[in-house]
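# Examining the three-dimensional arrangement
The lines below spell out each chain.
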Amino acid sequence: MTSPNLFAMDKPTLLILGVQLESEGYPNVLHRVAALQDSAHFSVSKIHYSAWATSTQRSAGLGRVLRNFWRMLAAHCAVLFCYLRHPPIDCIYVPYPGTLLLWALSFLPRRSKRVVVDTFISLYDTVVLDRGLLRENSLAARLLFLLERRALRAASINIVDTEQSASHLCALFGLRAEQVLAIPLSTDEENFIPVTEQADPARCRVLFVGTLIPLHGVQTITAAAALLADRVDIEISVIGDGQQAAELEQVLAANPGCLNWQRQWMSSQELAGAIAESDICLGIFGDTEKTQRVLPLKLYAYARVGRCIITAATECTERFSAGVDYQPWHTVPAADPQALAQAIVELADAPAARDELASNAVRFYRDRLSNVAAQQQLQAVLLGGT
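First, a word on what this report is: a plain description of the structure on this page. (Residues numbered from 1 in each chain as written. Predicted model: local features only at pLDDT ≥ 70, side-chain atom pairs only at ≥ 80, totals over all residues. Heavy atoms only, no water.)

## Details of the pairing of strand S8 (residues 234-239)
Stated precisely, the cut-off is as follows: Under the scheme applied here, a residue whose accessible area is under 20% of the maximum for its type counts as buried, over 50% as exposed, and between as partly exposed, the area being computed with a 1.4 Å probe on protein chains only. Each helix corresponds to a stretch of at least 4 residues labelled H or I by DSSP, and each strand to a stretch of at least 2 residues labelled E; elements are numbered beginning at the N terminus. The criterion for strand pairing is that DSSP finds at least two bridges linking the strands in question. With the strands aimed away from the viewer, a crossover counts as right-handed if its path from the first strand over the helix to the second runs clockwise.
The buried fraction of S8 is high, at 5 of 6 residues. Across 6 bridges, strand S7 (residues 204-209) lies against S8 in parallel orientation. Following the sheet pairing, Val-206 is matched in S8 by Ile-236. For the crossover from S7 across helix H7 (residues 218-227) to S8, the handedness is right-handed.

Structure follows, in structure tokens:
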């Protein structure tokens, strides 16, 4: 917990209120909060108690569930207690994840007329509609929907990262259009830096980074890799772990071909190095409805480092690249292994085309996705603009 800056009380007061985990695993939270604390536009105070910690992950089974539950409960109670004791402020900013905290705040006296929450993604949409962890017609899913709807309606502004996600959130929870705003994510610009590297004519290194969730289209990537088994000069690496890891295990056990998998956790510095050492980076290729709405953080990292990107042609990629007179990425139809394999071959055989796409990616990041651009938009919202 931090106290207000007593030397800047003439500035608008901003309270950062949250239970977020401030680690490199959540770069949007980490760098957005840090930038706000350093901002010259506000007198900032902070009430924070992390709902997650490394220690809560050391046990397994029921023990782990209970440790996580009590940690989360304690974090929310601690933050809410300090909030009720805090003097009124001009604006409250709630970093992701803020659903449970915002739901609890909706029952308490307000300390500010303006509450801006970094919603990022919907908990209900992720758990029920996208990943199918709860049945849509189940009681648990319905209760989660009602809880999140109340939470999001309690915010003055809900921030997401794409206009497609903003429209979806409004339609799903009945929010007003002016209540949801799209702002690009904040990223790690210290470890992920532009790198110029000469292509190795003997091989083409293709990289996918992700948590292996349905929208990533892991099956499309593995099927494309199988089609490229005869291209000994093409190496496809997957870095990550997650929901569909078992499917990837089966593929590798049956016929690894040109595919290899690095399942272990990597630091931001290590991940940036892996991206810098690649020639082509893969985005998302799933056929889920959510695929059309998101611009995943991996694309920010690829573009920031300056790598040739192949990703699915979606409503989101089309919208983000509208108005630019260059091609920031190479797109293929979603869930089409043949098209993905063909695109990899074409770019593997054309180093100059890869270099041009890599250069375009750096330019696109600077023009549309940089932390400076995102922070300027966020500050305007916190100050009362749109």
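From this point, the narrative continues.
## Quick notes on the nonpolar core
Our working definition: For our purposes a nonpolar core is just a set of buried Ala, Val, Leu, Ile, Met, Phe, Trp, Tyr and Cys residues, chained together by side-chain atoms within 4.5 Å.
Core analysis: the biggest nonpolar cluster contains 33 residues, and Ile-236, Leu-282, Ile-310 and Ile-344 have the highest contact counts within it. It is helix H12 (residues 337-348) that provides the largest number of residues to this core, a total of 7 residues. Residues Leu-185, Ala-272, Ile-309 and Trp-329 belong to the second largest nonpolar core, which totals 29 residues.

## Quick look at the side chain of Asp-130
Spelled out, the test is: Here, residues are in contact when the closest pair of their heavy atoms is within 4.5 Å.
With respect to the element layout, Asp-130 can be found in helix H4 (residues 123-130). Given the relative accessible area of 11%, Asp-130 is considered buried. Sequence-distant contacts of Asp-130, that is, excluding residues within four places in its chain, are made with Asp-125, Pro-214, Leu-215, Thr-288 and Lys-290.

## Focus: the state of the cysteines
Here is the rule: Here, two cysteine sulfur atoms that lie within 2.5 Å of each other are counted as a disulfide.
Counted by the stated rule, this structure contains 0 disulfides. Residue Cys-82 stays outside any disulfide, its sulfur separated by 11 Å from that of Cys-77, the closest cysteine. For Cys-82, a relative accessible area of 22% translates into the label partly exposed. Counting only cysteine sulfurs, Cys-170 is the nearest neighbor of Cys-316, a cysteine outside any disulfide, at a range of 16 Å. Among the residues examined, Cys-316 registers a relative accessible area of 0% and is labelled buried.

## Overview of the pairing of strand S2 (residues 43-48)
For S2, the buried fraction is high: 6 of the 6 residues fall into the buried class. Alternating positions in S2 separate into two faces, Ser-43, Ser-45 and Ile-47 on one and Val-44, Lys-46 and His-48 on the other, with burial throughout. The pairing of strand S1 (residues 13-18) with S2 spans 6 bridges and is classified as parallel. Each bridged residue has a counterpart across the sheet, and for Leu-15 the counterpart in S2 is Ser-45. Once the chain exits S1 it traverses helix H1 (residues 27-37) before rejoining the sheet at S2, and the crossover so formed is right-handed.

## Remarks on the sheet that holds S1
Inclusion rule: To obtain each axis, a line is fitted to C-alpha atoms, and for helices this fit is confined to the stretch in contact; angles are then taken between N-to-C directions over 0 to 180 degrees.
If you walk across this open sheet you meet the 6 strands as S2-S1-S3-S4-S5-S6, and the pairing is parallel. Where the open sheet ends on each side, the last strands, each with one partner, are S2 and strand S6 (180-182). Taken over all neighbouring pairs, the strand axes of this sheet differ in orientation by 25° on average, direction set aside. Sheet analysis places strand S5 (residues 157-160) next to S6, joined by 3 bridges and oriented parallel. From the neighbouring strand, Val-160 faces S6, where its bridge partner is Ala-182. Against the sheet, helix H14 (residues 371-382) makes contact with S1, strand S3 (91-94), strand S4 (115-120), S5 and S6, and its axis sits at roughly 135° relative to S3, the strand it touches most.

## Describing the packing of helix H10 (residues 297-305) against helix H13 (residues 351-369)
Rules: These descriptions rest on fixed angle ranges, namely under 35 degrees for roughly parallel, over 145 for roughly antiparallel, 65 to 115 for roughly perpendicular, and the rest for oblique. Whether a crossing is left-handed or right-handed is set by the direction in which the near helix is turned from the far one by less than a right angle, anticlockwise for left-handed and clockwise for right-handed. Residue classes follow a fixed rule: Ala, Val, Leu, Ile, Met, Phe, Trp, Tyr, Cys and Pro count as nonpolar, while Asp, Glu, Lys and Arg count as charged, and any other residue, Gly among them, counts as polar.
At a minimum axis distance of 6 Å, the contact between H10 and H13 shows a crossing angle of 120°. As judged from the angle between their axes, H10 and H13 are oblique. Relative to H13, the crossing made by H10 is left-handed. Across the interface between the two elements, Tyr-300, Ala-303, Arg-304 and Val-305 of H10 pack against Ala-361, Val-362, Tyr-365 and Leu-369 of H13. Classifying every residue of the contact of H10 with H13 by side-chain character gives 7 nonpolar, no polar and 1 charged.

## Considerations on the sheet that holds strand S11 (residues 308-312)
The strand order across the open sheet built from 6 strands is S9-S8-S7-S10-S11-S12, with neighbouring strands paired in parallel fashion. Looking along the sheet, the strands with just one partner apiece sit at the ends: strand S9 (259-262) and strand S12 (330-332). Each strand of the sheet is rotated relative to its neighbour by a mean of 25°, with strand direction disregarded. As defined by bridge partners, S11 adjoins S12 across 3 bridges and the pair is classed as parallel. Across the sheet, the residue bridging to Ile-310 is His-330, located in S12. Lying on the sheet, H10 is in contact with S7, strand S10 (280-282) and S11; it crosses S7 at an angle near 145°. Its contacts with the sheet place H13 against S7, S10, S11 and S12, and it is angled at close to 80° to S11.

## What to know about unusual backbone geometry
With an omega of 0°, the peptide bond between Tyr-96 and Pro-97 qualifies as cis. The residue Pro-97 is located in the loop between S3 and helix H3 (99-105) in this model. For Leu-212, which is not glycine, the phi torsion reads 60° and is therefore positive. If you trace the backbone, Leu-212 turns up in the loop between S7 and H7. Residue Ala-335 is not a glycine yet carries a positive backbone phi of 55°.

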